[in-house]
Amino acid sequence: ALRAEFPADRFMGEEDAADLRADDALCELSSSLCQRFGGPSDRTAFLNAVDAGLEPDRGQKERVWVLDPIDGTKGFMTGQGYVI
């Protein structure tokens, strides 16, 4: 949804989809949760979306969104520091 609204922006994340590719159960769970909230329904599209966070700097001084869903969620759920 963010990429569709801000196509010129760059997105960064700490994780890639390697762990998801190595663990079918984790991939299925993650993909189904993503689908529930409007994410891609196709497994390949889901994995590609996770990997998209590794996009390198374009050198164009574009706006950058930093996505950290795993640690950010943990911080939010435990009442520790988090950013929205």
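Going by the structure above, here's the rest.
No experiment lies behind these values; they were computed from the predicted model shown. (Residues numbered from 1 in each chain as written. Predicted model: local features only at pLDDT ≥ 70, side-chain atom pairs only at ≥ 80, totals over all residues. Heavy atoms only, no water.)

### Thoughts on the packing of helix 3 (residues 24-36) against helix 4 (residues 43-51)
Counted only if it meets this: Where helices are involved, their axes are fitted lines through C-alpha atoms of the stretch in contact, as for all axes, and angles between N-to-C directions lie from 0 to 180°. What counts as a helix is a DSSP run of H or I of at least four residues, what counts as a strand is a run of E of at least two, and both are numbered from the N terminus. Roughly parallel covers angles under 35 degrees, roughly antiparallel covers those over 145, roughly perpendicular covers 65 to 115, and oblique covers all other angles. We call two residues contacting when some pair of their heavy atoms lies within 4.5 Å. When residues are grouped by polarity, Ala, Val, Leu, Ile, Met, Phe, Trp, Tyr, Cys and Pro land in nonpolar, Asp, Glu, Lys and Arg in charged, and all others, Gly among them, in polar.
Where helix 3 meets helix 4, the closest approach of the two axes is 10 Å, and the angle between their N-to-C directions is 90°. Relative to helix 4, the element helix 3 lies roughly perpendicular. Of helix 4, the residues touching helix 3 (which contributes Asp 24, Cys 27, Ser 30, Ser 31 and Cys 34) are Arg 43, Phe 46 and Leu 47. For the contact of helix 3 with helix 4, the class distribution of residues is four nonpolar, two polar and two charged.

### A short note on the nonpolar core
Our working rule: Only buried residues count toward a nonpolar core, which is a set of Ala, Val, Leu, Ile, Met, Phe, Trp, Tyr and Cys residues joined through side-chain atoms within 4.5 Å. A 1.4 Å probe rolled over the protein chains alone gives each residue an accessible area, and that area as a share of the maximum for its type sets the label: buried under 20%, exposed over 50%, partly exposed in between.
Counting five residues, the largest nonpolar core consists of Ala 17, Leu 20, Cys 27, Phe 46 and Leu 47. When residues no more than four places from it in sequence are discounted, the contact partners of Ala 17 are Leu 47, Val 50 and Asp 51.

### Looking at the packing of aromatic side chains
Where two aromatic rings form a pair, the distance of their centres and the angle of their planes describe that pair. The condition is simple: In this analysis, rings of Phe, Tyr and Trp, with Trp reduced to its six-membered ring, are considered paired at centre separations within 6.5 Å, and the interplanar angle assigns stacked below 30 degrees, edge-to-face beyond 60, and tilted for intermediate values.
Taken as a whole and assessed by the stated rule, the structure comprises two aromatic pairs. Look at Phe 6 and Trp 65: their rings are 5.3 Å apart centre to centre, the planes differ by 40°, and that puts the pair in the tilted class. Here Phe 6 is found in the loop between helix 1 (2-5) and strand 1 (10-13), whereas its partner Trp 65 is found in strand 2 (residues 64-67), with 59 residues between them in sequence. For Phe 6, a relative accessible area of 28% puts it in the partly exposed group. Look at Phe 11 and Trp 65: their rings are 6.1 Å apart centre to centre, the planes differ by 15°, and that puts the pair in the stacked class. Placement of Phe 11 in strand 1 and of Trp 65 in strand 2 is noted, with a sequence separation of 54 residues between them. Judged by relative accessible area, Phe 11 falls into the buried class, the value being 4%. Grouping aromatic residues by their ring pairs yields a cluster made of Phe 6, Phe 11 and Trp 65.

### A few points about helix 3
Owing to its 3.6 residues per turn, the α-helix brings residues three or four apart onto one side. Inclusion rule: The span one expects for a helix is its residue count, reduced by one, times 1.5 Å. Polar contacts, as used here, are pairs of N or O atoms within 3.5 Å; protein pairs need one atom able to donate a hydrogen and one able to accept it. Residues neighboring in sequence count only if both atoms are side-chain atoms.
Across its 13 residues, helix 3 extends 18 Å between first and last C-alpha, which sits within 8% of the 18 Å expected from 1.5 Å per residue. For helix 3, the side-chain oxygen to backbone nitrogen distance between the N-cap and Ala 25 is 3.1 Å, and the N-cap itself is Asp 23.

### Points about the side chain of Arg 10
Mapped onto the elements, Arg 10 comes out in strand 1. Excluding residues that lie within four positions of it along the chain, Arg 10 makes contacts with Glu 55, Pro 56, Asp 57, Arg 58, Glu 62, Arg 63, Val 64 and Trp 65.

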